[in-house]
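Structural features, examined
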Amino acid sequence: MTAPCSLTEIGWEEFRALPPDHKAVYLQAGAREYHVLLAQQFSRERLDALGRLATRIRRIAKADEGRRYLRDLLAGRRAMLYFTQPSSRTFLSFCAACQILGMDIGEVRDTAVSSEFKGESQEDSVRTFSSYFDLIIMRSQIGGLAERMAWVLSNTDRPVPIINAGSGKDQHPTQALLDVYTLQRSFERRGGPDGKTIVFVGDLARGRTVRSLSWLLTRYRDVTQIFVAPPELQIGEDVLGWLQQAGVQYERTNDMAACLPRADAVYMTRIQDEWDAAGESRRIPTEAFHFARRHLDLLKPDAVVMHPFPRRQEIAPDVDSDPRAVYWRQMRNGMWIRAALIASVFGKDTAIEASHVLDA
Ligand code: NCD
């Protein structure tokens, strides 16, 4: 089998040196994503189409007959979850998404129990997975590893698709998809994410979810992005470069309370101290970047509070009961949008759209 994407037409070093929006072109199979590695792969049309597909799958899955229909779609196909970095939600929501579509699942979560422990390279590990599985979903603390594996596999005779479930400090495209789906649903009756003000709070320097979501939001009209962080943890210059290139309005500040009245969505994040060399972020005062119950009074009545989770002290648990706290729904949205994405990678989207199972 030859790869349906064009990674066979470019050498690794040349591909690696490209900016993300140029890389994106090599990962597509026609209008659809084949390898899903970067937020830059998704056009506005694709974001709209995947959101619609996720909603359709969600509605179909409400009835027994619908669940049976969905389980037949990818029955007999197998997905490998190669997660060598800690994960609860992303791992479980991908498992659930695969199960909704009838896929069987294998997993490696610790290289101490795989042949990497014996010195096998990651390339050989991933080629091994591709011998037995039809899809590889991977999370790694090594930025760019999923890209490397997609290039390697595309140049073998088992070029199975790779989905990036979080790579280093770099990108988390499927989290950004579920975040956009949450915004689409939250603002369904208010024209969707267009024209909204999104306030990002926390460790924006090392949070990969913010990097991917900030980019996806450039696909919407008149969105203002406000980055609230201590100066040491502010958003990277590369992200600001993307925003400037796209003509997006943005602001940087360390005053969270001052921004809240303007927010349509507040996206809280935790301090990513696993990247510290020697506990340096523990010396940065971060209480001013925590969302407490009193902050709800500053928010518009129809604003939403989001968080990719896991949370620590960034959002007090007594905020959870406010209807504007959508982070638990956001989490469940991850299962539906990931099911939509996998269905699309395997070309099942048109069948789902055309099916009459909802008419029954
Ligand atoms: C995020 C991640 O892994 O980047 N978690 C997730 O996938 N929902 C955010 C985080 O770890 O803070």
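Source: prediction; values computed, not measured. (Residues numbered from 1 in each chain as written. Predicted model: local features only at pLDDT ≥ 70, side-chain atom pairs only at ≥ 80, totals over all residues. Heavy atoms only, no water.)

1. Things to note about the site of the ligand
What surrounds the ligand is the set T90, R139, H172, Q175, R208, T209, R270, Q272, P308, F309 and P310. Contact between the ligand and R139: an oxygen atom at 2.9 Å from a side-chain N or O atom of the residue. Note that an oxygen atom of the ligand is positioned 2.8 Å from one of the side-chain N or O atoms of R270. Compared with its free state, where it exposes 320 Å², the ligand has 93% of that area covered by protein. Of all the cavities here, the one that holds the ligand is the largest pocket. (Near = heavy atom within 4 Å. Polar contact = N/O pair within 3.5 Å; in protein donor to acceptor, adjacent residues only side chain to side chain. Areas by Shrake-Rupley, 256 points an atom, 1.4 Å probe, with all protein chains shown as cover. 1 Å grid on protein atoms, 1.4 Å probe; cavity = no way out; pocket = protein on both sides within 12 Å on 5 of 7 lines; lining within 4 Å. Sits in = over half its atoms within 2 Å of the grid points.)

2. Some thoughts on the pairing of strand β10 (residues 265-268)
On β10, burial covers both faces: A265 and Y267 on one face and V266 and M268 on the other are all buried. Bridging between strand β7 (residues 197-201) and β10 involves four bridges; their strand directions are parallel. Paired with V201 across the two strands is M268, which belongs to β10. (Buried < 20%, exposed > 50% of the residue type's maximum accessible area, 1.4 Å probe, protein only. Helix = DSSP H or I, 4+ residues; strand = E, 2+ residues; numbered from the N terminus. Pairing = 2+ DSSP bridges.)

3. Some remarks on the sheet that holds strand β6 (residues 162-167)
Ordered by their spatial adjacency, four strands build an open sheet running β4-β3-β5-β6, and the pairing between neighbours is parallel. Edge positions in the sheet fall to β4 (104-108) and β6, since each has one partner strand and no second. Across the sheet, the axes of successive neighbouring strands diverge by a mean angle of 15°, strand direction being ignored. Here strand β3 (residues 78-83) runs beside strand β5 (residues 135-140); their pairing, made up of five bridges, is parallel. Among the inter-strand pairings, Y82 is bridged to a residue of β5, identified as M138. Its contacts with the sheet put helix α6 (residues 122-132) on β3, β4, β5 and β6, and the angle it makes with β3 is roughly 160°. (Axes fitted to C-alpha atoms, helices over the stretch in contact; angles between N-to-C directions. Contact = heavy atoms within 4.5 Å.)

4. Thoughts on the layout of surface pockets
Estimated volume of the largest pocket: approximately 440 Å³. Lining the largest pocket are 24 residues; nearest its centre among them are R139, R208, R270, F309 and P310. Broken down by secondary-structure element, the contributors of at least two residues to the lining of the largest pocket are α5 (89-100) and α9 (208-216). Take the lining of the largest pocket: its biggest share by element is three residues, from α9. Split into classes, the residues belonging to the lining of the largest pocket amount to six nonpolar, 12 polar and six charged. (Points joined across faces, edges and corners; volume = space filled by probe spheres on them. Nonpolar A, V, L, I, M, F, W, Y, C, P; charged D, E, K, R; others polar.)

5. Topic: the sheet that holds strand β11 (residues 304-306)
One open sheet holds the five strands; their spatial order is β9-β8-β7-β10-β11, and the pairing between them is parallel. Two strands lie at the open edges of the sheet, namely β9 (249-253) and β11, each paired on one side alone. Looking at each pair of strands side by side, their axes are set apart by 15° on average, direction ignored. Bridge count for strand β8 (residues 224-228) against β9 is five bridges, and the pairing is parallel. Along β9, the bridge assignment pairs F227 with R252. This element, helix α10 (residues 237-245), spans β8 and β9 of the sheet and lies at about 150° to β9.

6. A word on the packing of aromatic side chains
Scanning all chains against the criterion turns up nine aromatic pairs. Judged by centre distance (5.4 Å) and plane angle (10°), the ring pair of F200 and F227 falls under stacked. With a gap of 27 residues between them, F200 in strand β7 and F227 in strand β8 connect regions that are remote in the sequence. In this structure F200 comes out as buried when scored by relative accessible area, which is 0%. An aromatic cluster of three or more residues is present, and its members are W12, F15, Y26 and W151. Here the guanidinium or amino end of R109 rests over the ring plane of F91, the centre of that ring lying 3.8 Å away. (Phe/Tyr/Trp six-rings, centres within 6.5 Å; stacked < 30°, edge-to-face > 60°. Lys NZ or Arg CZ within 6 Å of the ring centre and 35° of its normal.)

7. Some remarks on the domain arrangement of the protein chain
Along its sequence, the protein chain is organised into domain 1 (7-171 + 334-351) and domain 2 (173-332). Distance between the C-alpha centres of domain 1 and domain 2: 25 Å. Listed by partner, the interface residues are 37 residues for domain 1 and 27 residues for domain 2. Each partner contributes to the roughly 2800 Å² buried at the junction of domain 1 and domain 2, and carbon and sulfur atoms together form 57% of this total. When the area that domain 1 buries against domain 2 is broken down by residue, the three leading residues are R44, R89 and K169, summing to 25%. Linking domain 1 with domain 2 are one salt bridge, by the criterion used here. Of the charged contacts, one joins D194 and R44 as a salt bridge, the two residues approaching to 3.1 Å between their closest N and O atoms. Where domain 1 packs against domain 2, one counts 15 residue pairs in polar contact (both at pLDDT 80 or more). Of all the secondary-structure elements, those providing two or more residues to the side of domain 1 that touches domain 2 are α2 (20-25), α3 (44-60), α5, β5, β6 and α12 (327-345). Here the element with the most residues in the side of domain 1 that touches domain 2 is α3; it accounts for eight residues. (Domains from an automatic or database assignment. Buried area = accessible area lost by both parts, 1.4 Å probe. Salt bridge = Lys/Arg side-chain N within 4 Å of Asp/Glu carboxyl O.)

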